[in-house]
Amino acid sequence: MEHTNHSPADSAGPTASPEPTRFPRDAEAVGAFWDQRYTEKAALWSGQPNGALVSEVRGLRTGRALDVGCGEGADAVWLAGQGWDVTALEVSRVALDRAARQAELQGVTVNWVHAGLVEAALPPASFDLVSAQYPALLRTEENTAELALLRAVAPGGVLLAVHHQLPTAAEAEAHGFDLREYVGLADLAALLDENWRIEVYETRPRHVTEGAGAHHTEDVVLRARRLR
Ligand SMILES: C[S@@+](CC[C@H](N)C(=O)[O-])C[C@H]1O[C@@H](n2cnc3c(N)ncnc32)[C@H](O)[C@@H]1O
């Protein structure tokens, strides 16, 4: 696991290339895939914190937060500005450099971790908030990614996972990807046993006008509290 708090290099890069139709499966290749995606644009996302994060976190007491797949860092920076002690995990170096630059500009401190979720080997039960906003985590038979998310939450803490309302399998296939490859919120919810209480699990409208996800109009929000 690599921790960074450095001045980022300029990561805006050359022009677009065709998007692969399948995600690679090993961590290094996943990082390279996302680096390529980020390099295609000076900014991939809106730069604003995600609406579901802002609304779900407002009532929580601040503590240690983990942002999984933090992208260009808008959520992590916002959380740090709200008083959270933030660790932000991201497999793409390009995205992480942009995120660190935003934190510097806004004068907040975030513990940036360049690693995949599973490879990061996070300390168990150590975060009061684990946030995964539109994570593109690969599904395995052992539920490795889901279990890594759940294990990171401290007793009394909250898991907040947000996804786009997914297309049907046929629509996804038409766009060249297979839904079965990715962890969905239903996969996470299925693993929540008597040690958890689901506080929110719903679909709601989403209002984003900028960035690569702007065409999505609905979010699915799962918020669960670890009881013990
Ligand atoms: C759809 S983007 C969402 C980014 C950010 N959460 C947001 O809402 O703007 C998914 C992000 O997850 C990162 N990612 C994908 N697989 C990952 C993994 N196994 N571990 C950590 N980050 C990962 C990607 O690099 C990408 O930045």
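For the structure, see preceding data.
Scoring rules and cut-offs
- Residues numbered from 1 in each chain as written.
- Predicted model: local features only at pLDDT ≥ 70, side-chain atom pairs only at ≥ 80, totals over all residues.
- Heavy atoms only, no water.
- Helix = DSSP H or I, 4+ residues; strand = E, 2+ residues; numbered from the N terminus.
- Buried < 20%, exposed > 50% of the residue type's maximum accessible area, 1.4 Å probe, protein only.
- Contact = heavy atoms within 4.5 Å.
- Areas by Shrake-Rupley, 256 points an atom, 1.4 Å probe, with all protein chains shown as cover.
- Near = heavy atom within 4 Å.
- Polar contact = N/O pair within 3.5 Å; in protein donor to acceptor, adjacent residues only side chain to side chain.
- Nonpolar A, V, L, I, M, F, W, Y, C, P; charged D, E, K, R; others polar.

Q: Please provide a residue-by-residue account of the overall build of the protein chain, values included.
A: The helix and strand tally for the protein chain stands at 7 helices and 8 strands. Taking all 228 residues of the protein chain together, 49% fall into the buried category. When contacts within the protein chain are restricted to residue pairs at least 6 apart in sequence, long-range pairs at least 24 apart make up 74% of them. Surface accessibility of the protein chain: about 11,200 Å² in total, with carbon and sulfur atoms responsible for 52%.

Q: Can you explain the site of the ligand? Please cite residues and give values.
A: Neighbouring the ligand are 18 residues; Y38, N50, G69, E90 and L117 lie closest to it. A distance of 2.5 Å separates an oxygen atom of the ligand from a polar atom in the side chain of Y38. Compared with its free state, where it exposes 590 Å², the ligand has 90% of that area covered by protein. Of the residues forming the shell around the ligand, the biggest block, 3 residues, is contributed by helix α1 (residues 27–39). Looking at the shell around the ligand residue by residue, the class counts come to 11 nonpolar, 6 polar and 1 charged.

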